Number of protein chains: 2
Amino acid sequence: MTESREANPLHAIFNAGSVAFVGASNKPTTMGTIQMLNTLRGNFPGRVIPVHPRLERVLGEKAYPNLRALPEPVDLAVLVVPTDAVLPVVEDAIARGIRNLVITSAGFREGGEDGQKREALLREVTRRNGIRFVGPNCIGVLNTKSGLNTTFFPYLHAPGPLGLASQSGTYVTQVLDLLARWGIGLSKAISVGNSVSIDLADCLDYFADDPDTRAVALYIEGIADGRRFLAAARRCTARKPVVALYVGGTEGGSRSGRSHTGALGGPDEIYDGLFAQAGIQRVKTVADLYTFGWALATQAVPNGNRMVILTHSGGPATSMADAVYRHGMTLPRFPSALEAQIRSMLPATASAANPIDLTFSLDIKLLQEKLPPLLLGQDFVDGLLMHGLQGSTFFTDVSRIAGDLFSLPLDQMSEFARLAVEPLCRMPQEFQKPIVMSCFYDRRDNVVRTLQDAHIPVFDTPERAVAAMGALVRYGEFRRRLASREGPDARTPV
Amino acid sequence: MTESREANPLHAIFNAGSVAFVGASNKPTTMGTIQMLNTLRGNFPGRVIPVHPRLERVLGEKAYPNLRALPEPVDLAVLVVPTDAVLPVVEDAIARGIRNLVITSAGFREGGEDGQKREALLREVTRRNGIRFVGPNCIGVLNTKSGLNTTFFPYLHAPGPLGLASQSGTYVTQVLDLLARWGIGLSKAISVGNSVSIDLADCLDYFADDPDTRAVALYIEGIADGRRFLAAARRCTARKPVVALYVGGTEGGSRSGRSHTGALGGPDEIYDGLFAQAGIQRVKTVADLYTFGWALATQAVPNGNRMVILTHSGGPATSMADAVYRHGMTLPRFPSALEAQIRSMLPATASAANPIDLTFSLDIKLLQEKLPPLLLGQDFVDGLLMHGLQGSTFFTDVSRIAGDLFSLPLDQMSEFARLAVEPLCRMPQEFQKPIVMSCFYDRRDNVVRTLQDAHIPVFDTPERAVAAMGALVRYGEFRRRLASREGPDARTPV
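A.B. asks: Which residues make up helix H11 (residues 314-326) of chain A, and what are the values?
C.D. replies: Residue and element names in this part refer to chain A. The end-to-end C-alpha distance of H11, which contains 13 residues, comes to 18 Å, matching closely the 18 Å that a straight helix rising 1.5 Å per residue would cover. Within H11, 12 of the 13 residues are buried, which leaves the element mostly enclosed by the surrounding structure. Along H11, the positions that sit buried rather than exposed are Gly314, Gly315, Pro316, Ala317, Thr318, Ser319, Met320, Ala321, Asp322, Ala323, Val324 and Tyr325. In the stretch just after H11, Gly328 is the one whose phi turns positive, near 75°.

This is the structure we're talking about:
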């Protein structure tokens, strides 16, 4: 376990002021070039230096033939070179006094006996020389705040409070477009690859202290050092929630993980036990990994499992109600005075019980401004689930058949809808209670976008919203168990 | 059970040549107006006649003060009127000789004691007069081929082979944008509401005979007549797959369903038994309902559970591999000659086992043209799972940082990618084996769009693709059990 934040090797990597890319060129079809471009043309303020044996300039920057030739050491070197070239380049880095690396190159433990020998040598050389590195067989790191991005994909979304550490590079790179579409923002992400020097335990240790990270998502194919992982995870989950997708527990997952990152997966039960001891929530799909992580990173920890459902659609109300019970939560009945008060506000065909279903009603004031604070203000309500808020996409769809009948232009109606949702955006903060939503429209809709950008989770289906709320409720239970076991001092604010 | 296709009341409704809308006006903010517009301004070729007590013209069409005043009977009348007005308008319909109705209006069984009396009277009057109707408290029907659309949302996607019957109107209307984004096309959809005259059994009976429907998705809050439902479902599942989402099995779902459509949900075990007897696959989320339904509607029935995974990403390969086993399927190892053949085609860091992981490789010929037919042609392969095909969105994303470095313009690169995927689009048909995919890009991507429009399911996450493949495998097992029990005559082609 790390003594201080600065002692964690990831601290120096994420805060690198200068980065050298070994293996970048001027060809946009090579991995190294794109990786360098992501940092060079992102908002990274530090120096980005290409290293190339022949080219004098790479992507407009002066290139050096090798790391030894650099006029001064860089804070971080990224290696995207053929397998055989990795060790010589590492020797160059050592010679130049470079202490932190990202080694993208593959062909190590995951690549059979030769690869295993190569990896052992790499481990030995770097350890002896005090080098810490991410990889090999990884895509490296992404810091959305500093603009450092060694991955293969540009980060196009706003930074957010979810931290990510993954034994798959794809789940921190190719997935970025999907995460942006789901409104999910990352703080920092680490593709650990074969984890020779920096592993998931280091990531957990780092995230535990990182003020930009409020929840952590882990993608795991196998853990080599369970004891170390458990210690780091315990420290992290006492401060912030951690969710993990473990895929090495079946014959298929284990076999595939071995050829991917050389990870040795163990039986599901072992990992279930490890996660339970660590206070980590296990999920079964990448969708749950990111959506649970996002809810945990953005919403207040609920005091209990008592939910209210608010919608103008009977089907989603019923799907949500069913899912609430399947996920171990309840829908308390309203006290009769409250139910009468709500009934007096609703149209005749609406349901004033819990779930509240406004049926076909365009009264957005009621749905978005009046009912949510009334409900969130009740002591017996621990969280609010909503379905069906919508703006520009709805008007666009309906305008295709009814455009000429509207008295207001499309953009004006859309803007009214967007403005009307702003008070709701502030309510999770005001009431310190979670709100999770679903909508059948996506971020093209200006209301969905506004909610998501205010860090209210809006997912694509009712059950996905309820499942994410379930993750919040379980984390609340975990925190209360922790507090009762360890006294009030353990109640570190999340 | 219906004797002939024409005898099913839905046959006359779906094939209506003329439709009257009672309750439409010129105000685009009322439900009836939008419902009429969807048929009037869709591609419905028949007559659309508004009925309004005062207006002379509605939406440009000559209006009649009531149904009695129509110059001739219409094939179908849609009622979107206040609760109290429903019975008088039904009497008008009877008087004018109109035999088929859609009753959108709410305020019946779901609305307490008064509503129950009202519904009993409606049932009695219509029965006595030989009237069949969808509803009340529903949104009616959608025929994507004829353009008849009594729902509240325009249908903006191409027709497809999935039939839908739902006790929620939302799940055939508000969900249309989502289904279009997932590339899912409907044949016909029915929102049955309170099911006083036409219920889910009638829908199953209709879909069993409908040549445009290859699979059926049901959303169920409660079934009143289990025996009738079972008989219709058995007949249907012997011909085509049926998936069902039942949400009435928990306290929350049951309570919400009661206030929504007045449905009385029963315990999960009862419904599990009913579905098992009927050969219906039960799902737990609306996402599974539609995605399983789509895979079942578009893909060949697999002969077994032996899958191959093909991707260029290790993480998705491993997630898929793990999910394959969790969903009761297997990943057979390749015979050594085949593995050697594959290995000779791949880059050194790639995995030639099953899953095949090309790692970082831009060789789309290998991924899309050479490997899929080689794999689908193997006797021991029952289906193909793929992840990661991409086109225009990928180029757009990368162009943001590398645009000036590409030698070809964006649209030309995108078009090459689209053309390269066309042979793959034909393979499910050629090999009569299912292909299901995932991609982190959506339909904005021209390759995803091309695959989806060729009716290859492309879903957003690896596990969702595998889960949908699991539904296909289970239906294959069901068909083989059915065939072995009932002899070759039962093997009606799907």
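Now that the structure has been shown, the text picks up again.
A.B. asks: I'd like a description of the relation of the copies chain A and chain B, backed by residues and values.
C.D. replies: Taken as rigid bodies, chain A and chain B are interconverted by a rotation of 180° and an axial shift of 0.0 Å, the fit giving an RMSD of 0.0 Å. What the superposition gives is, in effect, a two-fold axis relating one chain to the other. Taken as a fraction of all interface residues of chain A, those also at the interface in chain B reach 100%, which identifies the copy contact as same-surface.

A.B. asks: Talk me through empty space enclosed by the protein; I want residue IDs and the actual numbers.
C.D. replies: For the structure on display, the rule yields 4 cavities of 30 Å³ or more. Within the residue set of the lining of the largest cavity, elements represented by two or more residues are helix H5 (176-181), helix H17 (446-453) and strand S19 (458-459) of chain A together with helix H17 (446-453) and strand S19 (458-459) of chain B. The residue inventory of the lining of the largest cavity, partitioned by class, reads 13 nonpolar, 2 polar and 7 charged. In this structure, the second largest cavity spans a volume of roughly 50 Å³. Taken together, His387(A), Gly388(A), Leu389(A), Gln390(A), Cys439(A), Phe440(A), Tyr441(A), Phe153(B) and Gln174(B) form the lining of the second largest cavity. For the lining of the second largest cavity, the per-class residue count stands at 5 nonpolar, 4 polar and no charged.

A.B. asks: How would you sum up the interface of chain A and chain B? Please name residues and give values.
C.D. replies: Many descriptions give the size of an interface as the accessible area lost when the pieces come together. Opposite the 87 residues of chain A that make contact, chain B presents 88 residues. Summed over both sides, the interface between chain A and chain B buries roughly 7000 Å², with carbon and sulfur atoms accounting for 60% of that surface. In this assembly, chain A and chain B are joined by 8 salt bridges. Taken together, chain A and chain B are joined by 35 residue pairs in polar contact (both at pLDDT 80 or more). Elements with a contribution of two residues or more to the side of chain A that touches chain B: helix H2 (31-40), H5, strand S13 (242-246), helix H8 (251-261), helix H10 (286-298), H11, helix H14 (392-402) and helix H18 (462-486) of chain A. The biggest single contributor to the side of chain A that touches chain B is H11(A), with 10 residues. Looking at the side of chain A that touches chain B residue by residue, the classes come out as 38 nonpolar, 28 polar and 21 charged.

Cut-offs applied
- Residues numbered from 1 in each chain as written.
- Chains lettered and ligands numbered in written order.
- Predicted model: local features only at pLDDT ≥ 70, side-chain atom pairs only at ≥ 80, totals over all residues.
- Heavy atoms only, no water.
- Helix = DSSP H or I, 4+ residues; strand = E, 2+ residues; numbered from the N terminus.
- Expected span 1.5 Å × (residues − 1).
- Buried < 20%, exposed > 50% of the residue type's maximum accessible area, 1.4 Å probe, protein only.
- Least-squares fit on C-alpha atoms with pLDDT ≥ 70 in both.
- Contact = heavy atoms within 4.5 Å.
- 1 Å grid on protein atoms, 1.4 Å probe; cavity = no way out; pocket = protein on both sides within 12 Å on 5 of 7 lines; lining within 4 Å.
- Points joined across faces, edges and corners; volume = space filled by probe spheres on them.
- Nonpolar A, V, L, I, M, F, W, Y, C, P; charged D, E, K, R; others polar.
- Buried area = accessible area lost by both parts, 1.4 Å probe.
- Salt bridge = Lys/Arg side-chain N within 4 Å of Asp/Glu carboxyl O.
- Polar contact = N/O pair within 3.5 Å; in protein donor to acceptor, adjacent residues only side chain to side chain.

Nothing here speaks to function; it is geometry throughout.
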